[in-house]
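# Breakdown of the fold
One-letter residues, chain by chain:
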Amino acid sequence: MKLCDYVEAARGDREVDLLIRNAKLVNVFNGSVEKSAPIAIYGGKIVGFGDYKAKEVLNVKGKYLLPGFIDAHIHIESTKLTPARFVEAVLPRGTTAVIVDPHEIANVRGKAGVLFFIEAARRLPIDIYVMIPPCVPSTPFETSGAEITLEDVLELLDYPNVLGLAEFMDYPSVINCNDVTIKKLLAASDRFKDGHAPGLKGKQLNAYIMAGIYSDHECTDPDEALEKIRKGMYILVREGTTAKSIARLASIIDQYNYTRMALVTDDRSPSELYELGHLDYLLKKALSVGLEPLTAIRMITINPAIFYSLKGKGAIGVGYDADLVAVEDLYNLKVDLVIKGGQIVAERGRLKIELEPDTIPRSFLNSFNVRMDKLDFRIKAKSNRVKVIQVIPDQIYTKLKVLEMKSADGYLIANPGRDIAKIAVIERHRGTGRVGLGFVKGLGLKSGALATSVAHDAHNIVVAGTNDDDMLRAVAEILEMNGGEAVVKDGKVLAKMRLEVAGLMTDRPLEEVAEEEKELIEAARSLGSKLANPFMQLSFLALPVIPEVKLTDRGLFNVKTFELEELWVY
């Protein structure tokens, strides 16, 4: 349509497509809630307020009308759903735009994985904005299935719906001016660059920001978040399945700071997405810890739209896209109606439109190169004192412990009585046969084993258990499914989930996937684990950019020193 068509519609000389009557308008510009004049929509945009001749009139009967919700940072792969299945799940809950970082699938399939999401952005009925992952792999201390090179970054930045560069996880390479890292930053000098800087402060934080990185979603400490805000950063307050920060940071979300903050999910498990919701749940969570409705709503609408320069998004105003959400009240926040681009797309939790299914590249369906006959999880008892990864519930941070271990026949063994399991990370992409071995405390396992091919960020296979036989059986099940998760006890598979797309996702409905995840969690609890989601917790134990200590296929990694370390303490 031509600009003059919209202008003519705005002045009332052209019939509009839709007129919405009897709405209580949530105005994120001035923080007011008021009975609105009729809202006129033409060609997918809001063209005016007042009485207009319209092809269709919608009476919302006093419901509150909010801007469409925007998730400013999510890895869709974490939902274990392909893009179309994800949209099928979140659009009825009011999410009309997401900013995605596809570094999970990029670690498995490189540039092709990123293009998979760019293609999804072209055909799906929500706005999918893509950030190009610059740190694939996240560090040189793990083995991924692919790499995103400088040449890839330069090419991918030119695609539609690409906003900039995703989280710079390898913050030492930024601070120390690694040549390739600096070239990637310069390639996107005029684009937004997301941060990932847990615990960074003082002059090191200054250096990180000076490189042009202006957001961070890793804050769990109010003082850390305040320092970053004062120095010019945006804080993305994460409430994911494993890392939960709304309650931790609520004390600083006030009239002075909230304009530099947004609510994001980052990682969201299928069962939580199905049972609790997406951004609609984050709104309720924010209200439960004392935030005012208008503050919380701005943090998933106008704030991210301003941060990322999303023209026409995040507000209900003349010239803005007609992405609207109707709710009964501002405390229950149950989504009743969703309008996207002026079209009713969901009502009372159900989609009213057909979605084009994802086309899965064949190479995504066979992404494993592991020989079971070469796997050996035995750990020699060079010393009975070893470094152990201590799990912190509801966080992806860990602690380093030095503990005395039991041994048998010259090998160290798990000690379920002290809540110490053995853990292994198996390189699954390149057939190297490499296996990182260690111990973890806090999973709660009294017997059996858990395994998953979702292991941030290189997505090798991670398995933890009380005995080697069950660990091996769990890994075999993962390979049999071409990716997924499994719980094993005494050689028997108690529960499993197939993730056939790059070992990360599945092209099945959320309800089915969520049910399988519930069965996995229940099976893990039968082994003794009391963690809310032991598989999400397990998947982050291989992530070598979150303090304090992690395990990769190359061995035990100290994030503070950014070095691989020997397991034993002599």
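Residues numbered from 1 in each chain as written. Predicted model: local features only at pLDDT ≥ 70, side-chain atom pairs only at ≥ 80, totals over all residues. Heavy atoms only, no water.

A separate point is the sheet that holds strand β7 (residues 64–67). Reading across the sheet, the 7 strands line up as β3-β2-β7-β16-β17-β18-β19 and stay open at both edges, with mixed pairing between neighbours. The two strands at the open ends of the sheet, each matched to only one other strand, are β3 (32–35) and β19 (350–351). As paired strands, β7 and strand β16 (residues 324–327) are joined by 4 bridges and run antiparallel to one another. By the bridge assignment for β16, L66 is matched with V325. (Pairing = 2+ DSSP bridges. Helix = DSSP H or I, 4+ residues; strand = E, 2+ residues; numbered from the N terminus.)

Counting residues in hydrophobic clusters, the biggest one holds 165 residues, and the most contacted among them are L66 and V463. Beyond its immediate sequence surroundings of up to four residues, L66 is in contact with V26, I297, I316, D323, L324, V325, V327, L330 and L333. If you look at the next biggest cluster of nonpolar residues, it comprises 17 residues, including F192, V264, A305 and L310. (Core = buried A, V, L, I, M, F, W, Y, C linked by side-chain atoms within 4.5 Å. Buried < 20%, exposed > 50% of the residue type's maximum accessible area, 1.4 Å probe, protein only. Contact = heavy atoms within 4.5 Å.)

A word on the domain arrangement of the protein chain. When the domains of the protein chain are assigned, the result is domain 1 (1–62 + 315–345), domain 2 (67–311) and domain 3 (364–564). Relative to domain 3, the C-alpha centre of domain 2 lies at a distance of 26 Å. Contact with domain 2, which involves 50 residues of that partner, is made by 53 residues of domain 3. Here domain 2 packs against domain 3, burying approximately 4,300 Å² in sum over the two surfaces, 63% of which is carbon and sulfur. On the domain 2 side of the contact with domain 3, K80, F141 and T143 bury the most area, a combined 20% of that side's loss. Summed over the shared surface of domain 2 and domain 3, the result is 4 salt bridges. The shortest N-O distance in the salt bridge between K80 and E517 comes to 3.9 Å. For the interface between domain 2 and domain 3, the tally reads 19 residue pairs in polar contact (both at pLDDT 80 or more). Among the secondary structure elements, those contributing two or more residues to the side of domain 2 that touches domain 3 are α2 (83–90), α3 (103–109), α4 (111–123), α6 (171–175) and α11 (270–275). When its residues are assigned to classes, the side of domain 2 that touches domain 3 shows 18 nonpolar, 16 polar and 16 charged. (Domains from an automatic or database assignment. Buried area = accessible area lost by both parts, 1.4 Å probe. Salt bridge = Lys/Arg side-chain N within 4 Å of Asp/Glu carboxyl O. Polar contact = N/O pair within 3.5 Å; in protein donor to acceptor, adjacent residues only side chain to side chain. Nonpolar A, V, L, I, M, F, W, Y, C, P; charged D, E, K, R; others polar.)

Of the residues making up helix α8 (residues 202–210), those classed as buried are L205, Y208 and I209. When α8 is viewed along its axis, its buried side chains cluster within an angular range of 95° and face the same direction. Relative to its buried face, α8 has exposed residues pointing more than 90 degrees away, namely K203 and M210. Buried positions along α8 lie against β11 (162–168), α6, β12 (192–195) and α9 (222–230). Count one or two residues on from α8 and you reach G212, which has phi positive near 100°. (Arc of directions from axis to C-beta.)

With that out of the way, let us pick up the environment of V462. For V462, the location among the structural elements is in strand β28 (residues 461–465). Judged by its relative accessible area of 0%, V462 is buried. C-alpha separation for the pair V462 and T259, spaced 203 residues apart in sequence, amounts to 39 Å.

Attention shifts here to the sheet that holds strand β10 (residues 127–132). Here 5 strands make up an open sheet; going across it, the order is β8-β9-β10-β11-β12 and the pairing parallel. The open sheet has two edge strands, β8 (69–74) and β12, and neither has a second partner. For this sheet, the mean inter-axis angle between neighbouring strands, taken without regard to orientation, is 25°. Of the pairings in the sheet, the one linking β8 to strand β9 (residues 95–100) comprises 4 bridges and is parallel in character. Considered in β9, the bridge of D71 is made with V98. Sheet contacts for helix α12 (residues 279–288): β8 and β9; angle to β8, the most-contacted strand, approximately 95°. (Axes fitted to C-alpha atoms, helices over the stretch in contact; angles between N-to-C directions.)

Attention shifts here to the packing of aromatic side chains. Counted by the stated rule, this structure contains 11 aromatic pairs. Both rings, one in F116 and one in F117, keep their centres 5.7 Å apart while their planes meet at 85°; by these two values the pair is edge-to-face. The exposure class assigned to F117 is buried, which follows from its relative accessible area of 1%. Among the aromatic residues, ring-to-ring pairing joins F141, Y171, F557 and F562 into one connected group. Lying over the aromatic face of Y234, R260 brings its terminal NZ or CZ to 4.0 Å of the ring centre. (Phe/Tyr/Trp six-rings, centres within 6.5 Å; stacked < 30°, edge-to-face > 60°. Lys NZ or Arg CZ within 6 Å of the ring centre and 35° of its normal.)

All right, on to the side chain of S383 then. Among the structural elements, S383 can be located in the loop between β20 (379–380) and β21 (385–391). Within the structure, S383 has its side chain in polar contact with the backbone nitrogen of R385 (distance 3.2 Å). Setting aside chain neighbours within four positions, we find S383 in contact with L412, W568, V569 and Y570.

Further remarks concern the pattern of salt bridges. One pass over the full model with this rule turns up 44 salt bridges. Where K63 meets E328, a salt bridge forms, and the shortest distance between an N and an O atom there is 3.9 Å. One end of the pair, K63, is in the loop between β6 (54–59) and β7; the other, E328, is in the loop between β16 and β17 (335–340), with 265 residues separating them in the sequence. We classify K63 as buried; its relative accessible area is 13%. Residue K231 is joined to E227 by a salt bridge in which the shortest nitrogen-to-oxygen separation is 2.7 Å. What makes K231 partly exposed here is its relative accessible area of 31%.

Another aspect to go through is the pairing of β16. Here β16 shows no split at all, with L324 and A326 on one side and V325 and V327 on the other all buried. Where β16 meets β17, 4 bridges bridge the pair, whose relative direction is antiparallel. Among the inter-strand pairings, V327 is bridged to a residue of β17, identified as V335.

Quick look at the pairing of β21 now. Across the 7 residues of β21, 6 count as buried, placing the element largely inside the fold. The pairing of β21 with strand β22 (residues 398–404) spans 7 bridges and is antiparallel. Across the sheet, the residue bridging to I389 is L400, located in β22. The antiparallel hairpin formed by β21 and β22 contains 6 residues in its connecting segment, where D394 sits at a positive phi of about 65°. Here 2 bridges tie β21 to strand β26 (residues 435–441), and the two strands are oriented parallel to one another. Considered in β26, the bridge of I389 is made with V440.

Under the present numbering, the feature "domain: Amidohydrolase-related" (unreviewed entry) in UniProt falls on residues 64–345. Between the C-alpha atoms that bound residues 64–345 the distance is 17 Å, and the span itself is 35% helix and 20% strand. (UniProt positions renumbered as here; feature names shortened; annotations may be inferred.)

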